[in-house]
Amino acid sequence: MSRPDLIGIDGLTKAYPGVVANDGVSFSVGRGEVHALLGENGAGKSTLVKMIYGLVKPDAGQMTFAGTPYAPGSPNEARATGVAMVFQHFSLFEALDVAENVALGMENPPPMRALASQIRDVSETYGLPLDPTRLVGDLSAGERQRVEIVRCLLQDPKLLIMDEPTSVLTPQEVEILFETLRKLQSEGTSILYISHKLEEIRALCDGATILRLGKVVATCDPRERSARELAEMMVGAELRTPTARSHAMGDVALSIKGLNLRSASPFGTSLKDISIEVREGEVLGIGGVAGNGQDELLGALSGELRAPRDAILLGGAPVGHLGPNARRKLGLLAAPEERLGHAAAPNMSLTENAALTAHTRKGLVRNGFLDWQGARAYAEEVIRDFDVRTPGPGNAAGALSGGNLQKFVIGREILQKPKVLVVNQPTWGVDASAAAAIRQALLDLAAEGAAVIVISQDLDEIMEISDRFAALNEGRLSAPVDARGLTLEQIGLMLGGAHGMEVAHVGEETAI
Amino acid sequence: MIRLEKRAAPSRTWSYLTPLVAVIATMIAGGLMFAALGKDPVEAIRTIFWDPLFGEFAFYYRGQLLVKAGPLILIAIGLALGFRAGIWNIGAEGQYIMGAICGAAVGLAFYPMEARWLIFPLMILGGAVGGFLWAMIPGILKTRFNTNEILVSLLLVYVAEQILASMSLGLLRNPEGAGFPGSRNLRQYESAANNELIAGTGMHWGVVAALIAVIFAYILLSRHIMGFNIRLTGESPRAARFAGVNPNRLILFCLGLSGALAGLAGLFEVAGPAGQISIDFNVGYGFTAIIVAFLGRLHPIGILLAGLLMALTYIGGEAAQSSLGLPSAAIQAFQGMLLFFLLAFDVLTHFRVKFGREAAA
């Protein structure tokens, strides 16, 4: 399948102080091609697309766009040339409506009424129904992404860059997105698709460029490779998959009964009548699309949010009214999703961050005074046992890469020998080998008799490690089901379907 | 074109260097201002920074140095603990006044009984309690009704000033003062006086308290769980909550402690250098201490040094007013410049300056 090249990249190099983010990267994307950019965190994918989008200027190398030299000085220039980008993190204002948000991204927005009808047209053509008058704060994550996509499509781009677009979508929503992308492709739009979800790439993309440590290590057709082969090219080593263990369930370790909790923020999700039990030795997976109450559920279990006394029972004893440290003392530990600023303080050292949650269970406070030597020793223990790559415990948490900090955060809780551990998104944005290590550690913890609750949006992860599965949808938790033998479709339906989206009717409408 | 590039981690070197650079920049800009006022800039700067320490009348000024630095350091230490946690007590001036009033009132209530072992400690307690209670007003309003502690504490300064005026004209007025406003002079009341401990040094109990506060704060911040919680809350409030810090308790602790220390400073001042409650008793220590706290990088040792430096500009400024005829507003502007430059150069701690063009984001 050789198509004329739309964008050619030749020897792009960008160095930051202390690290070469991109080193002589060359590849090309054909017209109407869906090209995947694969790589672990820190492989240089973001820097590369930022250079294509004009956010970062390369130190060396050239680009061509439709045969002419292309060196965007700013995203405006890139957009004028025909390059559009959907970012992983949305830049939308929750208090404004859809049309207003779209208008904010335009240089010369048309009158609101005209814009609203344009939005309707584009969204219908591509099977992305969107009401321009709705407040963004009321939209689901999938719908917010549609706003971003429609915003790009209004510019009629020739190249659409998508950064990890499916991380916030249900399987059904992913299917709809893929239909939309295929329709765009059939109209001749090229797509540069960044992801580390290999099955998706194999289903969608015609070509793939694999980056490792800033260099291109392979270019291939992902449909001809297995997911495992792709993963090993990404990591550059053979991949260890977590090993399942024998099942030995004990007594009920944690039970939640009829937990209702109002969210503190107006755009948060309140928890509604949540009831579930977890047994010793069990891994309970809780799936759900972002923003369906995951943060609130973790907060209610960690003790950051107070619940009614009897709504949460730890080993039969009521703990709902207790704060985080009282719960830690009893053996209920948690690791939140956001590593920087929630699980860890970025500007504080690893020693201080070790003391942050471990001081109660590790006896690091005597008469109110902190035992810094003990904290340092504990930080060193976590670093050693969980293979955290860092010069030492005196290093600031914010200086660690995402995967390393996540290993530290999870390790910090596991080494405190919890009775119940609750983790939210334990491997989000973590490279494949670190993710495997973290999952294995969670399984080992359960094998030692602890109850583990894994809240995650990564369904593959949940399927891989959980014994039972429950879905969190708009603050309600479904009844748990046995995780073995569950198909993605069943899970998708449990997650609340596709929020009323419809698949693009390719070919039914005339192109815009 | 000059650009700022964010540093990966804050520069340690610059965080120590910025106060020095700020002092030098203040000297240059201040010198230009003095020159614009028609004074010899070199002589003005020398009068402010050099003469009080090494000039002809240094024997007098050196004592004054500790007298001025004592309350500044004492107040700034308390403020810095709150600032570290992101709790902005701007009303130390009011807490200082209320501490002075309460402490002096305790002393005056015993007049003319002579029992220093009882009266002076009670006055110290009174001073601390007065400042503490005054700071509890913004504290409780913030924790109960989520009001802004910056506004409430600041506005309470003006309330305290009115109470001060009322006290010196009414309740606490010296009955033997021939109707003049102002209380009895506590320095002439043996049991209540906070006199120099070593003649000629300026060392009084307030200075001792300031030094103790420096050591106390240093240990609190570096070793104690409370200090850890304060730093953690300032760094990352969400992580602090996750670590089990109760934000309301922390707010009350920080406001209460800074209020108590400001109140102590007020008491030592009214019983010592000032001598009496009068309408113009307060001279802005509570506000200047905010500058001192930041100039000292919110670090106890830094505050000790910054307090001495700021006291020097006070004393030197007064000397420059009398000997060179500089207006007092010019001296205040000069002190303000110090904070301005400090905050401006602070950018260098988090950013590095680059020259030349690059694609803007």
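Preceding this section is the structure that the text describes.
Predicted, not measured: the structure shown is a model, and the values here were computed from it.

Q: Describe a nonpolar patch on the surface, and please don't skip the residues or the numbers.
A: A surface patch of nonpolar side chains, about 560 Å² in accessible area, is lined by F369(A), I215(B), Y218(B), I219(B), I301(B) and L305(B). Elements with a minimum of two residues in the nonpolar patch: α8 (205-223) and α13 (300-324) of chain B. Among the elements that take part in the nonpolar patch, α8(B) stands out by supplying three residues, more than any other. Among the secondary structure elements, I215(B) is positioned in helix α8. With a relative accessible area of 52%, I215(B) lands in the exposed category.

Q: Please set out the sheet that holds strand β2 (residues 19-30) of chain A residue by residue, giving values where relevant.
A: Residue and element names in this part refer to chain A. Read across the open sheet, the four strands follow the order β2-β1-β4-β5; overall the sheet is antiparallel. What marks the edges here is a single partner per strand, and that holds for β2 and β5 (68-69). Summarising the sheet, strand β1 (residues 5-16) and β2 pair through eight bridges and their orientation is antiparallel. Considered in β2, the bridge of I9 is made with F27. Sheet contacts for helix α1 (residues 45-52): β1, β2 and β4 (60-65); angle to β1, the most-contacted strand, approximately 120°.

Q: Tell me what's going on with the interface of chain B and chain A, and back it up with residues and numbers.
A: Counting from both sides, the interface comprises 21 residues of chain B and, opposite them, 35 residues of chain A. With both chains or domains summed, chain B and chain A bury close to 2300 Å², and 62% of this area falls on carbon and sulfur atoms. Of all residues in chain B, F228(B), R238(B) and F242(B) give up the largest surface area on contact with chain A, accounting jointly for 31% of the area buried on that side. Where chain B packs against chain A, one counts one salt bridge. Seen at the junction of chain B and chain A, the total is 11 residue pairs in polar contact (both at pLDDT 80 or more). Secondary-structure elements contributing two or more residues to the side of chain B that touches chain A are α8, α9 (225-235) and α10 (237-242) of chain B. A total of five residues in the side of chain B that touches chain A trace back to one element, the largest contributor, which is α9(B). Its residues assigned to classes, the side of chain B that touches chain A comprises 11 nonpolar, four polar and six charged.

Criteria and cut-off values
- Residues numbered from 1 in each chain as written.
- Chains lettered and ligands numbered in written order.
- Predicted model: local features only at pLDDT ≥ 70, side-chain atom pairs only at ≥ 80, totals over all residues.
- Heavy atoms only, no water.
- Patch = residues over 30% accessible without salt bridge, like charges linked within 9 Å, V, L, I, M, F, W, Y side chains within 5 Å.
- Areas by Shrake-Rupley, 256 points an atom, 1.4 Å probe, with all protein chains shown as cover.
- Salt bridge = Lys/Arg side-chain N within 4 Å of Asp/Glu carboxyl O.
- Helix = DSSP H or I, 4+ residues; strand = E, 2+ residues; numbered from the N terminus.
- Buried < 20%, exposed > 50% of the residue type's maximum accessible area, 1.4 Å probe, protein only.
- Pairing = 2+ DSSP bridges.
- Contact = heavy atoms within 4.5 Å.
- Axes fitted to C-alpha atoms, helices over the stretch in contact; angles between N-to-C directions.
- Buried area = accessible area lost by both parts, 1.4 Å probe.
- Polar contact = N/O pair within 3.5 Å; in protein donor to acceptor, adjacent residues only side chain to side chain.
- Nonpolar A, V, L, I, M, F, W, Y, C, P; charged D, E, K, R; others polar.

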